[in-house]
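An overview of the molecular structure
The lines below spell out each chain.
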Amino acid sequence: QVVGFSTPLVNAGAQDFQGLQADMSYGIRVADIPLVNRLLRPGADYGSLNFDINAFYEDQHSFTILGVTTPTRGNIGDPKFRLNATTRYRKGPLGLYFQARHVSSGQADVTLQRSSQQIYGVGDYWVFNSSVSYDITNRITAQLVMNNLFDIDPPQYAITLSTGNALSTYDYFGQSFVMSLKLKL
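The following paragraphs examine the structure supplied in this document. Nothing here was measured: the structure is a model prediction, and the numbers come from that model.

Digging into the overall build of the protein chain
- Scanning the protein chain from N- to C-terminus turns up 3 helices and 10 strands.
- Sequence-ordered secondary structure for the protein chain, helices as α and strands as β, is β-α-β-β-β-β-β-β-β-β-α-α-β.
- The 185 residues of the protein chain split such that 29% are buried.
- Summarising the internal contacts of the protein chain: among those between residues at least 6 apart in sequence, 61% fall at separations of at least 24.
- Element-wise, carbon and sulfur atoms account for 58% of the exposed surface of the protein chain, whose accessible area totals about 12400 Å².

What follows is the structure in structure tokens.
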């Protein structure tokens with residue numbers, strides 16, 4: 001009679017990843033922009049602009065299970081390139097925000113030849129988000145967020161061709177609006 005059975009935990013897999021991430025931020029007072037300073041009243045407060053760019057390039061990504069290595073770089077949900085670019089404007093209590101997100105094209109399976117796939121993959125994807133905020137007092141802020149500003153659908157077949165990574169890569173919810181009122185205690 002067998003009353004129990006156990007095996008030791010063995011990590012039979014590994015991932016290999018190589019990539020590059022670059023971040024850049026730049027801020028300037030609107031009054032310090034030469035053209036603005038010439039056209040409008042010099043020395044006045046026109047607010048400030050901030051620009052942020054985050055780029056991510058994936059050079060190599062694969063996983064190995066029990067000695068078999070499978071590349072995933074370029075699959076749907078594992079793009080070769082991602083980009084987030086944001087612009088923020090602030091003047092007194094008013095804040096404006098605009099974001100552009102880009103995801104490069106993806107294949108259904110990078111290990112298969114193009115001719116062996118009925119649906120090869122999906123194209124590049126762009127989505128845009130924005131928000132408006134206003135500080136009612138130094139403790140209360142109202143904000144309206146507009147996600148997926150132009151109601152851009154995710155690439156056709158992306159969810160059915162991927163292993164689930166597409167859920168976190170593309171906006172499946174569609175255009176949405178969120179109104180919030182924040183209170184600082």
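Quick notes on the environment of Ala12
- Considering the arrangement of structural elements, one finds Ala12 in the segment before strand 1 (13-29).
- Residue Ala12 is classed as partly exposed on the basis of its relative accessible area of 34%.
- Separated by 52 residues in the primary sequence, Ala12 and Thr64 place their C-alpha atoms 8.1 Å from one another.
- In contact with Ala12, not counting residues within four places along its chain, are Thr64, Ile65 and Leu66.

Describing a nonpolar patch on the surface
- Taken together, Leu94, Leu96, Val132, Tyr134, Ile136, Leu144, Phe177, Met179 and Leu181 make up a surface patch of nonpolar side chains, about 840 Å² in accessible area.
- Elements with a minimum of two residues in the nonpolar patch: strand 5 (94-103), strand 8 (125-135) and strand 10 (176-183).
- By the secondary structure assignment, Phe177 is in strand 10.

Examining unusual backbone geometry
- Not every positive phi belongs to a glycine, and Leu66 is a case in point at roughly 50°.
- With respect to the helices, strands and loops of the structure, Leu66 is situated in the loop between strand 2 (48-65) and strand 3 (68-71).
- Among the residues examined, Leu66 registers a relative accessible area of 69% and is labelled exposed.
- Positive phi is not limited to glycine here, since Asn148 has a value of about 55°.
- Along the chain, Asn148 turns up in the loop between strand 9 (140-147) and helix 2 (158-161).

Digging into the packing of aromatic side chains
- A full pass over the atoms with the stated rule returns 4 aromatic pairs.
- Note on Phe98 and Phe128: the rings are 5.9 Å apart at their centroids and 20° apart in plane angle, and the pair reads as stacked. Placement of the pair is Phe98 in strand 5 and Phe128 in strand 8, with a sequence separation of 30 residues.
- Ring centres of Phe128 and Phe150 lie 5.6 Å apart, and the angle between their planes is 75°; on these two criteria the pair is classed as edge-to-face. Here Phe128, found in strand 8, pairs with Phe150, found in the loop between strand 9 and helix 2; they are 22 residues apart in sequence, far enough to count as distant.
- By relative accessible area, which is 52% here, Phe150 ends up exposed.
- One aromatic cluster in this structure is built from Phe98, Trp126, Phe128 and Phe150.

Structural notes on the pairing of strand 8
- As paired elements, strand 5 and strand 8 share 10 bridges and run antiparallel to each other. Each residue of the ladder has a partner; that of Phe98, found in strand 8, is Ser130.
- Across 6 bridges, strand 8 lies against strand 9 in antiparallel orientation. When the sheet's bridge partners are listed, Ser131 is paired in strand 9 with Val145.
- Counted between consecutive antiparallel strands, the loop separating strand 8 from strand 9 contains 4 residues.

What counts and what doesn't
Residues numbered from 1 in each chain as written. Predicted model: local features only at pLDDT ≥ 70, side-chain atom pairs only at ≥ 80, totals over all residues. Heavy atoms only, no water. Helix = DSSP H or I, 4+ residues; strand = E, 2+ residues; numbered from the N terminus. Buried < 20%, exposed > 50% of the residue type's maximum accessible area, 1.4 Å probe, protein only. Contact = heavy atoms within 4.5 Å. Areas by Shrake-Rupley, 256 points an atom, 1.4 Å probe, with all protein chains shown as cover. Patch = residues over 30% accessible without salt bridge, like charges linked within 9 Å, V, L, I, M, F, W, Y side chains within 5 Å. Salt bridge = Lys/Arg side-chain N within 4 Å of Asp/Glu carboxyl O. Phe/Tyr/Trp six-rings, centres within 6.5 Å; stacked < 30°, edge-to-face > 60°. Pairing = 2+ DSSP bridges.

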